[in-house]
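Chain by chain, the residues:
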Amino acid sequence: MNEKELFELAAKARLSAYAPYSGFLVGAALLTADGRVFTGCNIENASYSLCCCAERTAIFNAVSEGEKEFSAIAIAGGKENADSVCYPCGACRQVMTEFCGGDFKVILADRTLTLSELMPYAFKL
Ligand code: THU
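Residues numbered from 1 in each chain as written. Predicted model: local features only at pLDDT ≥ 70, side-chain atom pairs only at ≥ 80, totals over all residues. Heavy atoms only, no water.

Colleague: Provide a residue-level description of the site of the ligand, including the pertinent values.
Modeller: As a structural note, the neighbourhood of the ligand is formed by Ser22, Phe24, Val26, Asn42, Glu44, Cys53, Ala54, Glu55, Tyr87, Pro88 and Cys89. At 2.9 Å, a backbone N or O of cysteine 89 approaches an oxygen atom of the ligand. Summarising the interface, the protein chains cover 77% of the accessible area of the ligand, which totals 370 Å² for the free molecule. Tallied by class, residues from the shell around the ligand come to seven nonpolar, two polar and two charged. (Near = heavy atom within 4 Å. Polar contact = N/O pair within 3.5 Å; in protein donor to acceptor, adjacent residues only side chain to side chain. Areas by Shrake-Rupley, 256 points an atom, 1.4 Å probe, with all protein chains shown as cover. Nonpolar A, V, L, I, M, F, W, Y, C, P; charged D, E, K, R; others polar.)

Structural data, given as structure tokens:
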């Protein structure tokens, strides 16, 4: 599974987004250390604070299936398409920090960053 293929799975997952309030559709594809892929999309709610981001949907999906070792996540977001960069929000960066090391790759539309680049000085107990 290369970065482009993982991003394409994120773009496909984006099409499942439930985002009637923002109109901003996001998909994520999470690659486990042993090569499995778990996807997620953003799921909004009329009670806005209950919205869940695509990245957390994917991570919670994987953890709930027993996976806790991850190597990369691709994120595809946008109103019209997934062509522009959609950075993960701070809450999702914190959730990534819970399960992933600093070298965890975050694959965006035109660049790949590491978690340590996106989330330096992360909170840990
Ligand atoms: N969203 C994500 O799914 N991931 C992010 O990292 C940032 C924001 C979603 C949440 C909400 O449904 C919509 O994008 C607009 O904020």
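Back to the text.
Colleague: Just give me the short version of the nonpolar core, but keep the residues and values in it.
Modeller: Counting residues in each nonpolar core, the largest one holds 22 residues, and the members touching the most others are Leu30, Ile73, Ile75, Met96, Phe104 and Val106. Per element, the largest residue contribution to this core is four residues, and it comes from helix H2 (residues 54–64). If near-sequence neighbours (up to four positions away) are discounted, leucine 30 is found in contact with Arg36, Val37, Phe38, Ala58, Ile59, Ala62, Phe70, Ala72, Ile73 and Phe104. Listed in part, the ten residues of the second largest apolar core include Phe7, Leu31, Ala72 and Ile107. (Core = buried A, V, L, I, M, F, W, Y, C linked by side-chain atoms within 4.5 Å. Buried < 20%, exposed > 50% of the residue type's maximum accessible area, 1.4 Å probe, protein only. Helix = DSSP H or I, 4+ residues; strand = E, 2+ residues; numbered from the N terminus. Contact = heavy atoms within 4.5 Å.)

Colleague: Lay out the sheet that holds strand S2 (residues 37–41) in plain terms, naming residues and giving numbers.
Modeller: With mixed pairing, five strands are arranged side by side in an open sheet as S2-S1-S3-S4-S5. Across the chains shown, the open sheet's two edge strands, defined by having one partner strand only, are S2 and strand S5 (112–114). Strand-to-strand twist across the sheet, computed as the mean angle between neighbouring axes with direction ignored, equals 20°. Here strand S3 (residues 70–78) runs beside strand S4 (residues 105–107); their pairing, made up of three bridges, is parallel. From the neighbouring strand, isoleucine 73 faces S4, where its bridge partner is valine 106. Contacting strand S1 (25–32), S2 and S3, H2 runs over the sheet at an angle of about 140° to S2. (Pairing = 2+ DSSP bridges. Axes fitted to C-alpha atoms, helices over the stretch in contact; angles between N-to-C directions.)

Colleague: Provide a residue-level description of the environment of valine 37, including the pertinent values.
Modeller: You can see valine 37 is positioned in strand S2. Classification of valine 37 by relative accessible area gives partly exposed; the value is 28%. Every residue in contact with valine 37, bar those within four places of it in the chain, is listed here: Met1, Leu6, Leu9, Ala29, Leu30 and Leu31.

The quantities given are spatial measurements derived from coordinates; they are silent on function.
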